[in-house]
Each structure stands twice: as structure tokens, then as C-alpha cells.
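# Observations on chain architecture
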Amino acid sequence: MQTFYSDLLVIGAGLSGERVACEAAQNGFKATCLSIVPARRSHSSAAQGGMQAALGNCAKGEGDNSDVHFIDTVKGSDWGCDQEVARLFADAAPIEMRRLAAWGVPWNRVVPGQSFYFKGGEKFEKYEKEENEGLITARSFGGTAKWRTCYTSDGTGHAVMCTMDNRCAQLGIDVFDKKEAISLIHDGDKCMGAVVRDLRNGQLEVHLAKATAICTGGFGRIYKATTNAVICDGAGHILAHETGLVPIGNPESIQFHPTGIVPTDILVTEGCRGDGGTLLDVNEERFMHIYEPEKAELASRDVVSRRMTEHMRAGKGVKSPYGEHLWLDIRHLGDKHISTKLREVDEICHHFLGIDPRTQLIPVRPTQHYTMAGIRTNKDGAVYGLKGLYSAGEAACWDMHGFNRLGGNSLAETVVAGGIIGAKIVEFLKGYETTFDTKSINAEVKRQEERIHDVTHGRNGKLNVYEVRNEMQEALMKGCFVFRNKEGLEECVETLHGTMEKARKVGLVSDGVGANHELAAAMKLEGQVRLAMCIAQAALMRTESRGSHNREDFPERNDAEWLNRTLAYWPEGADMPDLQYEDTTPLFELPPGDRGYGGGKIIPADEKYVTERTVKSPVTEIGKKK
Amino acid sequence: MGRQLKFEIFRYNPERKGDVPHMQEFILDETPNMTLFIALNRLREEQDPSLVFDFCCRAGICGACAMVINGRPGLACQTKTKDQPGHIILHPLPVFKLVGDLSVDTGVWFREMYAKTESWVHTNKVFDPVKEEERMDNSVAEQIYELERCIECGCCISACGTARLRDDFMGAAALNRIARFVVDPRDERTDREYFEVIGNDNGIFGCMGLLACEDVCPKGLPLQNQLGFLRRKMGITAMKQIFRKK
Ligand SMILES: Cc1cc2nc3c(=O)[nH]c(=O)nc-3n(C[C@H](O)[C@H](O)[C@H](O)COP(=O)(O)OP(=O)(O)OC[C@H]3O[C@@H](n4cnc5c(N)ncnc54)[C@H](O)[C@@H]3O)c2cc1C
Ligand code: SF4
Ligand code: SF4
Ligand code: FES
């Protein structure tokens, strides 16, 4: 068996992972990144919209600063985020965008003079200042007070990912692809690295390091319908969670997007509705205005997803071999609009559906999109429970998103958190020496070898991996999706109990030799069901509605009882998660208030609790002025 | 209802003792909006879980799923079965090392390419976090992005006659990568320095100019223009060097 050593082992080579690795390498430490796919194929490259940073260079971003960005982020989180973290993030974001520019990102720049933009199908005019020519510009995104989203044409994630990966090559960082970490090596106190399966030949390897960072992105694939890449399957979360020592933060906090196309759930932009597209049901009739008379199709992501689900439940969905869906209609926007402003949508329709959106309807349904849930860390990115273990990016619950993340804030988080947490890891590495005890290493390797042997030979049973996985995905879709209620969640937990039993009894149909996919799927199945169970159980316990977590039976946001974060532990041998809670934020720069959208009553928190924790900051005044 | 599709898929698992390369047939009912992503996953989940192939984004963005589809390199995820005949023949991309069945190792190939082309901005400037960003013309930024749209799928390399004949030919993707840095004002490399990298038969002078690369590029990158641009530029650089030597 091959063993590799480095100072820092980064599991995941998306934007967050590579940014962390760069920080370590720049400071003279040896960093290694592992990835299932070549780094540039990481899901970060799929983000087209952009990343938020308060540079305030463009006309509609004038007067923007990190205070305003901070306020938007906290409001967006429905006061579910850690405000210290949101503050760190908002302050560092502009510097990080400039750093990316220096490293090679071709950000779009300010072009002086008059130009036009569209809002809700209407045309507006703006003027860019001469003196700002050539500075990084920004576009508008939902939920922000200013235009703050930096971008490169329609491929921000791709462009930033290229630059970051180039930077890694320049710094001589080992970025290994087709390597999947399958478990952590630890002694109950500190983390020493990971056991890794080479996806070229199926061999196991050991990667040892003084510090390990999990940057494996989201886990949308445990849902049946998701915008996420097929590799976003929770493997990284499972590694940490399985130790029994590390909690998943806010597992119930999952974001859904109203318009994934059917069957593959590829995202079509919100811009369709923004520009005047409508949603139709099985009878090709509009319905959004019935539920939301004022905003109709233009209501927020969460609201539209909820109404669509409600309407399908009422029997108005379109049946298809891939399940029910609704229609998105942009025919009336006309050829010119579609081939210019919505070019990307046009291409998706052409490539993946073989339809022309000028004359045909687009099949859509609400779809899992983002996991605010994640491996719980403190503000330094250090994972609760194990020394030397860190996490950043979508995989982590660093917690700047709380219960709802704003568009453009997650791509920015990958590099900002990567920089901040990378620096903290460097501090840690500077003052840290360790020994790797062969006992822990050998025991872990042996345990994995046995697992592989057992599942390959059907030692525990012969249940079909893909069927059991489907059962889990469907249970979540049914009980733990856009809408939640006591009955549905109880049923979901109950079903998942059964699924858990089954997951322990899967056996391969194939021989599992080489780059076998069935084996990879089987190895993480039980861990996935555990994650699913955490989502369902935490959602059942949280008797309020906050951000993306929506309880039909508890429509209020209840700050009196639920201004806290769920920590879902999975003790060894248990059948249920052990749920604990901690304060949402150690201090308030912005005391709890109204988000300004999404409606709903708020049951206020104890006044004394809030005042005791509120710190003086310029934000309160700016917040009032807005 | 839909057609019955016949798939003929290349099979070979180098890790399995005694395995030999062969073609295997599968039958699948076509459903509306079926892509090769859906079809291959169904084949693996319902018929043969040992089938090896790669997908990641399944949205035509990441380049993971390139394979030879009825004789032509392309992205499987954005290939609709309804645009194909009822008999679909799938092979892995040539040139790259085979991992198994339809999966090849593009990762190592492209990593080596980054090293050869020194695929990063070469500059002596040090980043200053308190300073305003350096300005850039928006049209230049857009020009750079147009060349950076390559998703490293490997289609162009697989379609290239020279790359098939010679292991060390850099291929259109690598030459396009150089062009990306040539147009970037932040990169301080001189033409001479670029010439050292690509001014030879492994680089720009090995290209036969038949442009199979541009025909198959799923991102529609202007490979033809870039190859022409570099050939002219490198031609001039070569001339300058010859004269300088005298
Ligand atoms: C369709 C879509 C559009 C989006 N658009 C935007 C947008 O416009 N703006 C925005 O802010 N956000 C957007 N997001 C969200 C954003 O893209 C992600 O949150 C972000 O890119 C996550 O980056 P990451 O570095 O955390 O992880 P990823 O980029 O997902 O990288 C994960 C890495 O981990 C590796 N990995 C996983 N498991 C293992 C394992 N077991 N062993 C080894 N390696 C492993 C993978 O190979 C990969 O390299 C979008 C998301 C989607 C789905
Ligand atoms: S034009 Fe050059 S790079 Fe392109 S396929 Fe032909 S030989 Fe290869
Ligand atoms: S240039 Fe085109 S064909 Fe070649 S690797 Fe890049 S995207 Fe693929
Ligand atoms: S899977 Fe990403 S391009 Fe096909």
C-alpha cells in the first residue's frame, strides 16, 4: 500500500479546497489536494452567475461597502448565521476579488458611458463614470441592496476555477484526481489524514498529514432532484460524521430552486421569470397569481418552490416518465429577447431537451440546489470534535448562510473562507508537530478493506445498491422537501429507519474490480442515509419556519425558541442522530428583525437576551438608514 | 411509444484478470428527452453495474463525459438519443490512457500540459491587498475569457491526426492555452519565451492545419483562428531569432 505525507491534506479540489491549499503552499508548507474528478471539473465551475463583493465600482453599486454586504447577508440568512463570520466574510471579499484579478481572472470591467438594463421585463438606463473605467464591475442578484456580483461573462465559476487551478500548478501543489477519500484516520482526539480509494484501479492508499481540510462541496445528490453534479454526494460529510465526534450543523437547512428542467434538473436561470416568463400547469393555465396575488412568478425562490409544490399536490402537475412537473413559458418574450438576454436558457433547451423555447414549453420542477447544512466549524474553520481537522466551502457550516444563502454569496465564500481558513491552518501548522501512530492507521485501513470485501461478496446481504439509494432519495423528496410538516416528517424518519437497515445489507451485483462505480456508491450509502435522517429529524424538531426551512404547521419564525443552530451528532452504533443546539451567534451586530420579504410572522426573542449580546457597530445606523 | 435503442459499447477493464477488449450490446427503451447521460446511467443501474464511464456536471459544462459517439468525439451528457440512429456505438476517446470501458484519464494529460505551457500568469508584480485593482479594458477581459472557455474535455486532442501519431504533440487545447496568455496583458512573457515552449514540431509547427479539432470542440472555441494567430506570431519570432543569430 502506498503512503503519502504532506503538511496539509485537502480533500476536495474545488475553489475552496484549492484556495486553502494555495495559502498553505505560499507559506512554505506542502499541500496535497485530492479530487474525484480533475480539479477544473469540480462543481465550482458550474456556477455561472457570479460572486458577491462590495467593491462599489459600477454605477448601481455606488455607495456599497462591506457593512451593506454584511446586512444583506445577515438578513438573507433569516438571522440564522454567525454574525462574526458574516462580518469576516464581507470585509475580506473585496480584497479576495482583487487578488483573483492579480492571479489571472478576467473579470468583466466597467465600461464608461450610457447603457441599458432590464428589470421585470422593463428597460432602464444607467451611466458608468469615466473615472471608474477598467475597474471590476458587478451585476445585480436577488436579495442585495446594491449591484455587487462580480462576474466573467456567463462563466464566473469556470473562469475562477481555471485561475485557481493554474495558481496551484504554479505553486507546485500536488492535485491528484480520480482519488476518493473514504474515511478519516484519527485516534479519537486528532485527525491524521485519510484512507483513499484510487478511482483508476480501485487500490487503497493512505494519505497522512498534520492537518486535513474537507472541502468536498454540497450533498444535493441525496435528493432525487438536484441541480448538483453527480459527485456532490456527501462523501466528505460522511467521513467526518462517521467518526461520531463531528456534528453536522443545521442539517434541516437545504435550499431549493423553482426551475430545474425535467428530467436532468439542470438549472434554468431565475432571469426567465424576472424578464416576464410564466409558470403553467397541466391545463396550460397560470397559477402563481392565485397563491401570490402581488408578486406572482416574481416571488422569492423559496416561495415559488412552495407554491409549485402545492399546486402539483393539488393534482395540477404534468405527468411524465420522470415524475410530475410544471411548465415554464417564455414563448411570448420573443426571438430577439430569447436569443440575446436568455441565450444560455436557449442553449440548455436545445442541448438537453431538444426543444425551441420560442414555440415550446419548458418542463420544470422545484429542485434541491444548495446545502447550507454542513460540517460544523468555528470561525477559524476548525471542525468541532477533532484536532487538525478543518472544513471550508459548501461542505462546511462555517455559518455565514444560516437558513438561506443569497445568490452569489457561496461562490464568494469558497475563496474568502478558503483564504481566511487557509491562514488559520498555516498558524496551526507553524506551532504543531505530531506523530502518526501506526496502530490507528492500520486499524482504519483494515476496517475499510473488510468493508470492501464484505460488500463485494455480499456478506451482509444482497440488496441492490441503486434501489436502496432510490428509496432514500424518494423519502426525502416526499417528506423533507420544500414543504415540511409533522406528519410528513415522521413518516420520512420512519421510512429512513427501514432504508438504514437495508443500506447495511447491500451487496454488489458486479465484481467491484477496478474503477467500479457500484462499489463507490455502496460504500457511502449508509452514511448518506444517516445524513438524510439528520435532515428529517432536525426538521421535525425545529417547530418554526426560517429561511428555506418551511413548516406548514409552524409558519412563524420563532426567535423566542429557535434562535439557535442544530448540531446533529451520530454516536457510534446509534440508529438516530443525537441533536444538540447552540446559540446562532455569539453577538449581534444586527439584532433580529424582518427580512423584508417572504412574509410570515416573527415571534420575537427575549429582549434582554438580544440587548446583552448586541455590540455597538456602525451597521445599526446604516441598517436604519436603508 | 419510443424506439428500442440498441447500444454497442466498448468494454475493457484493465484491472480484471484475463479481460480482453470487446464490444457489448444492450437494449433500452427510449424515453422522452433522453440523453446519453440518462441512458448510460440506466444501463448501469438496471442492467450491468460493472459499466465504467464518467459524468460530473451532466450539463455540458465540465467536460467529464467526452467519448466517441457513433464515430465522433462529443459530450455524452448533451447528446440526445433522438438525434442518433437507433443503433448507438460508443467508444472511449483515443490518445488518452484508458481507465476502463468508456472512461479515460484526461486529468494526468492536462496536468502535464499545464506544466509544459506554464499555464499561469507570469509576472513580477506582488499583490498588494490595500491597493485598488489594476485596470483592464473590458474588451480585453472578454477576449481572454473567450479563450478560457475550454473545458478540457479532450475531444480536440482525440480528433487530431498529429496527436494520434505522436505522444508529445501538444494539441489544440494546449496551443489555445498559450494564446490565452499571449493576449493577457498581465502575463509578462515575451514572444521569445513563448517560442521556446511551442516553436517546434511538438507545438505549433507540428499542426497539419486540418482542423478536425475545431469541428469537434463542443464549446465552439475558435481553434482555427488561434492556431493561425500563433503560427504567424511564432513564424515572425523564428525569423527574428534567425536574424539575431547572424
Ligand atoms: C447549477 C449551480 C449554479 C450555481 N451558481 C452559483 C452562482 O452563480 N453564484 C454562487 O455564489 N454560487 C453558485 N452556486 C453554488 C456554488 O457553485 C457552490 O456552492 C460552490 O462552487 C462550492 O464550491 P466548493 O469548493 O465548496 O466545492 P466544489 O466545487 O463542489 O468542489 C468539491 C470538490 O471535492 C471533491 N470531492 C468530493 N468528494 C470527495 C471525496 N470523497 N474525496 C476526494 N475528493 C472529493 C470533488 O471532486 C471536488 O473537487 C451554484 C451551484 C449550482 C449547483
Ligand atoms: S488543426 Fe492541428 S491541432 Fe487541429 S486537429 Fe489538425 S493537426 Fe490537430
Ligand atoms: S479546446 Fe474544445 S475540444 Fe479541446 S479540450 Fe477544450 S473544450 Fe474540449
Ligand atoms: S458531464 Fe459535464 S460536460 Fe458532460
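Conventions adopted
Counting restarts for each chain: residues are numbered from 1 in the order of the written sequence. Key to labels: chains lettered from A, ligands numbered from 1, both in the order written. Totals for whole chains, interfaces and linings use every residue, but because this is a predicted model, local features are given only for residues with pLDDT of at least 70 and side-chain atom pairs only at 80 or more, for both listing and counting. Heavy atoms throughout the structure, all of them, feed into the side-chain values; hydrogens and water do not. UniProt positions are given in the numbering used here, feature names are shortened, and annotations may be inferred rather than shown by experiment. Every helix listed is a DSSP run of H or I at least four residues long, and every strand listed is a run of E at least two residues long, numbered separately from the N terminus. A radius of gyration in this sense is built from C-alpha atoms; the matching globule rule multiplies 2.2 Å by the number of residues raised to 0.38. Only protein chains enter the accessibility calculation, which uses a 1.4 Å probe. A residue is then buried if its area is under 20% of the maximum for its type, exposed if over 50%, and partly exposed in between. We call two residues in contact whenever any of their non-hydrogen atoms come within 4.5 Å of each other. Asp and Glu count as negative and Lys and Arg as positive, but His and the ends of the chain are not part of the count. Every charge is mapped to an atom, namely NZ of Lys, CZ of Arg, CG of Asp or CD of Glu. For this document, the term salt bridge refers to a Lys or Arg side-chain nitrogen within 4 Å of an Asp or Glu carboxyl oxygen. The quantity reported as buried area is the accessible area (1.4 Å probe) lost by two parts once they are put together, taken as the sum for both. Residues enter a patch when their relative accessible area is above 30% and they make no salt bridge; the linking distance is 9 Å between like charges and 5 Å between nonpolar side chains (Val, Leu, Ile, Met, Phe, Trp, Tyr). Each accessible area is a Shrake-Rupley estimate made with a 1.4 Å probe; only the visible protein chains count as cover when residues are assessed. A cutoff of 4 Å decides nearness: a residue is near a molecule or strand if any of its heavy atoms lies inside that distance of it. Charged residues are taken to be Asp, Glu, Lys and Arg, nonpolar residues to be Ala, Val, Leu, Ile, Met, Phe, Trp, Tyr, Cys and Pro, and polar residues to be all remaining types, Gly included. Only Phe, Tyr and Trp rings take part, Trp by its six-membered ring, and two of them pair if their centres are within 6.5 Å. Stacked means planes under 30 degrees apart, edge-to-face means over 60, and tilted covers everything else. We call a charge positioned over a ring when the NZ of a Lys or the CZ of an Arg lies within 6 Å of the ring centre and within 35 degrees of the ring normal.

Under the annotation held in an unreviewed UniProt entry, chain B carries the name succinate dehydrogenase and is attributed to Pseudodesulfovibrio methanolicus. Listed under Sequence similarities (unreviewed entry) in UniProt, the entry text for chain B is "Belongs to the succinate dehydrogenase/fumarate reductase iron-sulfur protein family."

Within an unreviewed UniProt entry, the label attached to chain A reads succinate dehydrogenase, and the organism entered is Pseudodesulfovibrio methanolicus. In its Sequence similarities (unreviewed entry) section, UniProt records this for chain A: "Belongs to the FAD-dependent oxidoreductase 2 family. FRD/SDH subfamily." Per UniProt, the comment on chain A under Catalytic activity (unreviewed entry) is "a quinone + succinate = fumarate + a quinol".

### What to know about the overall build of chain A
From N to C terminus, chain A includes 18 helices and 22 strands. Its C-alpha atoms give chain A a radius of gyration of 24 Å, near enough to 25 Å, the size a compact globule of 626 residues would have. With the C-alpha coordinates of chain A rotated into their principal frame, the extents come out at 65 × 55 × 55 Å. Considering chain A as a whole, with its 626 residues, one finds that 64% of them fall into the buried category. Across chain A, contacts joining residues at least 24 apart in sequence account for 72% of those joining residues at least 6 apart. Seen as two clouds, the 75 positive and the 87 negative side-chain charges of chain A have centres 2 Å apart.

### Regarding the pattern of salt bridges
Between side chains of opposite charge, pairing is possible as soon as their charged atoms come close. All names here are of chain A. Applying the stated criterion to the full structure yields 84 salt bridges over all chains. Between K190 and D187 there is a salt bridge, and its shortest N-O distance comes to 3.4 Å. A relative accessible area of 35% places D187 in the partly exposed class. The partner of E582 in a salt bridge is R376, with the nearest N and O atoms 2.8 Å apart. Of this pair, E582 sits in strand β21 (residues 578–583) while R376 sits in strand β16 (residues 374–376), placing them 206 residues apart in sequence. The exposure class assigned to E582 is buried, which follows from its relative accessible area of 19%. Linked by salt bridges that have partners in common, D78, E252, R542, E544, R546, R557, D559 and R595 make up one network.

### Focus on the interface of chain B and chain A
Chain B puts 67 residues into the contact, and the matching count from chain A is 78 residues. For the pair chain B and chain A, the two sides together bury roughly 5700 Å², of which 53% comes from carbon and sulfur. Looking at the side of chain B facing chain A, the largest losses of area belong to R58(B), E133(B) and Y145(B), adding up to 13% of the total buried there. There are 7 salt bridges connecting chain B and chain A. Note that R469(A) is salt-bridged to E45(B), the shortest N-O span being 2.9 Å. If you list the elements that add at least two residues to the side of chain B that touches chain A, you get α1 (36–47), β7 (103–105), α2 (106–117), α3 (138–148) and α6 (171–182) of chain B. Ranked by the residues each element gives to the side of chain B that touches chain A, the list is headed by α3(B), at 6 residues.

### Digging into a negative patch on the surface
Side chains of E130(A), E131(A), E133(A) and D137(B) sit close together on the surface and give a patch of like negative charge. When its relative accessible area of 54% is taken as the criterion, E131(A) is described as exposed.

### Some details on the site of ligand 3
Around ligand 3, the surrounding shell consists of C150(B), I151(B), E152(B), C153(B), G154(B), C155(B), C156(B), C217(B), P218(B), L221(B) and L223(B). Taken together, the residues that form the shell around ligand 3 break down as 9 nonpolar, 1 polar and 1 charged.

### Remarks on the packing of aromatic side chains
All names here are of chain A. Under the counting rule described, the total for this entry stands at 18 aromatic pairs over all chains. Note on F4 and F176: the rings are 5.9 Å apart at their centroids and 55° apart in plane angle, and the pair reads as tilted. With F4 in strand β1 (residues 2–11) and F176 in strand β7 (residues 174–176), this residue pair connects regions lying 172 residues apart in the sequence. Taking the relative accessible area as the measure of exposure, F176 reaches 25% and is therefore partly exposed. For K179, the ring lying beneath its charged end belongs to F176, and the centroid distance is 5.8 Å.

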